[in-house]
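Below are the chains, spelled out letter by letter.
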Amino acid sequence: AEIHRSVGGGGELAVLDIREHGQYGQGHPFFAVSCPYSVLEQRAPILVPRYSAPVVVYDDNDNLAGRAVDALARIGYIDIRILEGGASAWESAGFTLYQGVNVPSKTFGELVEHFCHTPAITASELHEMQKRGDNLILLDGRTSEDYSNFNIPGGISCPNAELPLRFDALVDDPATTVVINCAGRTRSIIGAQTLIDFGVTQKVLALENGTQGWALADLELERGADRFAPEELSEAVLEAAKARAQKLATDQDIAIVDHSMLTTWLQDNGRTTYLIDVRSRAEFESGHMPGACHVPGGQLVQATDLAVGVLGGRIVICDDNEVRAIMAVHWLKQMGRDAYALRGGME
């Protein structure tokens, strides 16, 4: 009950489920993040970068939480508590244990579809359009690694965060129908609604149930495809993407901070600040800002709880031209996160 009252109260709180990931998936509080004891010392500093932030750990009432407290204290955490009775006590107190992983992000995707009425298409309908040779393009919003494993035939890899940046390099016909797919639902919905919110004029649809829906319709998946969105962008494409991003930032009152403010925030020992780079892995590995954590933009929205463990923490998103950062902040803000895009990107 104490935890329940604290959530949404405006302060910071990290609730870490220290059971193994499979146990976490069987049932956990909505806002708890998975941080298994087996990788606690590796994962905790990523999820909770400020060592004075308040942390609650819980287990299955099997005394593992006590060992987790000792391990966190050795790292340097100073405000650690144990949820008395573990996960079962949460349920006994009348609160829900949610099954699955990335539950907040998946729930958010369903809410986006409901409130935005994101248009969709079934696998069978898409297949018929392909057979007819309709003017369409299928963009796969998953990671490039996921795409390379298997994809819907004809699809082009363009992870969700890249969609508003690279769209004009992929689609130049206003009559083209654009279909976004993922493995299931969330990234299809968010990817399609991203393009709609960014103001593209083409008809945009989310593929219902993604590659799973395609397979369930007894349609063959393609494997080992290598059709990727272009890495090099023309000046015209880049300027169009920037213009759309800036219009969205203005219309949605998206907060943008400069490097000076970011430095001040990172030095603030009284508030947690995350610095997250949402570019591709190759871009990140070629050079990034000190202290930045890498989470490709589309995956940050899909699985926020894998990178951000502190409720009430401040999130600053960086890229190289603000387009992908604004895309991520656009969604994080609607998820209730205190999120900002870094002005000018990496200077």
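All residue numbers refer to position in the chain's written sequence, counted from 1. The predicted origin of the model limits local features to residues at a pLDDT of at least 70 and limits the giving and counting of side-chain atom pairs to 80 or more, whereas totals for whole chains, interfaces and linings rest on all residues. Side-chain measures were taken over the full set of non-hydrogen atoms in the model, leaving aside hydrogen atoms and water.

The parallel open sheet is built from five strands, whose spatial order is β5-β9-β8-β6-β7. The open sheet has two free edges, formed respectively by β5 (120–121) and β7 (156–157), since each of these has just one partner strand. Two strands are counted as paired when DSSP detects at least two bridges linking them. Segments assigned H or I by DSSP are reported as helices when at least four residues long, segments assigned E as strands when at least two residues long, and all are numbered from the N terminus. Examined bridge by bridge, strand β8 (residues 177–181) and strand β9 (residues 203–207) share four bridges and lie parallel to one another. By the bridge assignment for β9, Ile180 is matched with Ala206. Working rule for contacts: check all heavy atoms of both residues, and any pair within 4.5 Å makes them a contact. Lines fitted to the C-alpha atoms define the axes, with helices restricted to the stretch that makes contact. Angles between their N-to-C directions range from 0 to 180 degrees. With respect to the sheet, helix α10 (residues 186–197) is in contact with β8 and β9, its orientation differing from that of β9 by roughly 170 degrees.

For each structure, a 1 Å grid was placed over the protein atoms alone; sets of points admitting a 1.4 Å probe that cannot get out are labelled cavities, open sets with protein on both sides within 12 Å along at least five of seven lines are labelled pockets, and lining residues have an atom within 4 Å of a point. Grid points are joined across faces, edges and corners, and a volume is the space filled by probe spheres set on the points. Estimated volume of the largest pocket: approximately 640 Å³. Along the wall of the largest pocket there are 27 residues; nearest its centre are Ser144, Pro159, Glu162, Ser280 and Arg281. Counting residues per element, the ones that place at least two in the lining of the largest pocket are α8 (144–149), α9 (163–170), α14 (281–286) and α15 (297–302). Broken down by class, the residue content of the lining of the largest pocket amounts to 10 nonpolar, nine polar and eight charged. In this structure, the second largest pocket spans a volume of roughly 480 Å³. For the second largest pocket, the lining is made up of 30 residues, of which Phe31, Leu311, Met335, Gly336 and Arg337 are closest to its centre. Elements represented by at least two residues in the lining of the second largest pocket include exactly α6 (103–116) and β13 (310–311). Residue polarity follows a fixed list, in which Ala, Val, Leu, Ile, Met, Phe, Trp, Tyr, Cys and Pro are nonpolar, Asp, Glu, Lys and Arg are charged, and the others, Gly among them, are polar.

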